[in-house]
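# Structural features, examined
The chain contents come next:
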Amino acid sequence: ISAKRRPSCLWPSAPASSPSPTTLPTSNEVPACFNFDSEDIEEMPNYWIRPYGSIYPRVYNSAPYQSSHSLEFYVSNEHHNPMAVMPFLETNNLTSQSVSLSFNMNKQYDYESYLAIGIMSNPNDSSTFQHIATIQVPYTWTSKQLMIPILENEDGMYIAFKVHSPYNNTVYIDNVAIREC
């Protein structure tokens, strides 16, 4: 599976032909937001990457935080550790050493489930996943914010979400936002 690379939407200099991010109504200072509402159901969001050959994660309309869609990660015997990788984030123009990642998360059943956040230099090679944090996913919608360090000596990076659960469960994320710290 090849990665789709697009100019970062963090800077106004992005070419007019690049897709604009889905922006939250209250996100004036947020440079990149994804709420998945304009995405096709049962597909990966535009410019996001699913490194494994599975059908999960995918955009779905069963449990959005607000509005109509969220990103669904289904975990089962056939679908182990589903992963979604955000579009390439150009970091060579940033002045800080980290970015802020915020999102909402939830799960369908009250079973133990975890969301691992990491950074990758190659979205098609799971060995490049560098773990940043693991969060126990709550049974009710909860907001989370993390500081993500920028990879040194790289033009950019990919931020990845990976779900772990010993049980069949569905985890949802919504309103994913990145901003410079």
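Source: prediction; values computed, not measured.

What counts, and at which threshold
Residues numbered from 1 in each chain as written. Predicted model: local features only at pLDDT ≥ 70, side-chain atom pairs only at ≥ 80, totals over all residues. Heavy atoms only, no water. Helix = DSSP H or I, 4+ residues; strand = E, 2+ residues; numbered from the N terminus. Contact = heavy atoms within 4.5 Å. Areas by Shrake-Rupley, 256 points an atom, 1.4 Å probe, with all protein chains shown as cover. Core = buried A, V, L, I, M, F, W, Y, C linked by side-chain atoms within 4.5 Å. Buried < 20%, exposed > 50% of the residue type's maximum accessible area, 1.4 Å probe, protein only. Pairing = 2+ DSSP bridges. Patch = residues over 30% accessible without salt bridge, like charges linked within 9 Å, V, L, I, M, F, W, Y side chains within 5 Å. Salt bridge = Lys/Arg side-chain N within 4 Å of Asp/Glu carboxyl O.

## Quick word on the overall build of the protein chain
When its secondary structure is counted, the protein chain shows zero helices and eleven strands. For the protein chain, the N- to C-terminal ordering of α and β elements is β-β-β-β-β-β-β-β-β-β-β. Within the protein chain, residue pairs in contact and separated by at least 24 positions form 71% of the contacts whose partners lie at least 6 positions apart. Carbon and sulfur atoms make up 43% of the accessible area of the protein chain, which amounts to about 8800 Å² in all.

## Notes on the nonpolar core
Soluble globular proteins tend to pack their nonpolar side chains together in the buried interior. Formed by 35 residues in total, the largest nonpolar core has its most connected members in Trp48, Leu101, Phe103, Ile117, Ile159 and Phe161. Secondary-structure elements contributing two or more residues to this core are strand S1 (32–34), strand S3 (70–75), strand S6 (98–107), strand S7 (114–120), strand S8 (130–136), strand S9 (142–149), strand S10 (156–164) and strand S11 (169–180). Apart from residues lying up to four places away in sequence, Phe103 is in contact with Leu115, Ile117, Ile135, Thr142, Ser143, Lys144, Leu146, Phe161, Ile173, Asp174, Asn175 and Val176.

## A word on the pairing of S7
S7 sits mainly inside the fold: six of its seven residues count as buried. Taken together, the seven bridges between S7 and S10 define a ladder with antiparallel strand orientation. The partner of Ile119 across the bridge, within S10, is Ile159.

## Concerning a nonpolar patch on the surface
On the surface, a nonpolar cluster with roughly 320 Å² of combined accessible area is contributed by Tyr109, Tyr111 and Tyr167. In this structure, Tyr109 sits in the loop between S6 and S7. Accessibility expressed as a relative area gives 39% for Tyr109, which makes it partly exposed.

## Re unusual backbone geometry
Going from Tyr56 to Pro57, the amide bond is cis rather than trans, its omega being 0 degrees. Mapped onto the elements, Pro57 comes out in the loop between S1 and strand S2 (58–60). The phi dihedral of Phe36 falls on the positive side, at around 70 degrees, and the residue is not glycine. With respect to the helices and strands, the residue Phe36 is situated in the loop between S1 and S2. Despite not being glycine, Asn81 has its phi angle at roughly 45 degrees, a positive value. For Asn81, the location among the structural elements is in the loop between S3 and strand S4 (83–85). Residue Asn81 is classed as partly exposed on the basis of its relative accessible area of 31%.

## Examining the side chain of Thr170
By the secondary structure assignment, Thr170 is in strand S11. Dropping the residues within four chain positions of it, Thr170 is found in contact with Glu72, Phe73, Tyr74, Asn106, Lys107 and Gln108.

## Observations concerning the pattern of salt bridges
Applying the stated rule across the entire model yields two salt bridges. Here Glu42 ties to Arg58 by a salt bridge, and the two come within 3.9 Å at their closest N and O atoms. Of the two residues, Glu42 is situated in the loop between S1 and S2 and Arg58 in strand S2; the sequence distance between them amounts to 16 residues. Note that Glu72 and Arg58 form a salt bridge whose closest N and O atoms lie 2.7 Å from each other. Of this pair, Glu72 sits in strand S3 while Arg58 sits in strand S2, and the two are 14 residues apart along the sequence.

## With respect to the environment of Phe103
Looking at the element boundaries, Phe103 is found in strand S6. Since its relative accessible area comes to 2%, Phe103 is described here as buried. For the pair formed by Phe103 and Ser143, sequence separation is 40 residues and the distance between their alpha carbons is 5.7 Å.

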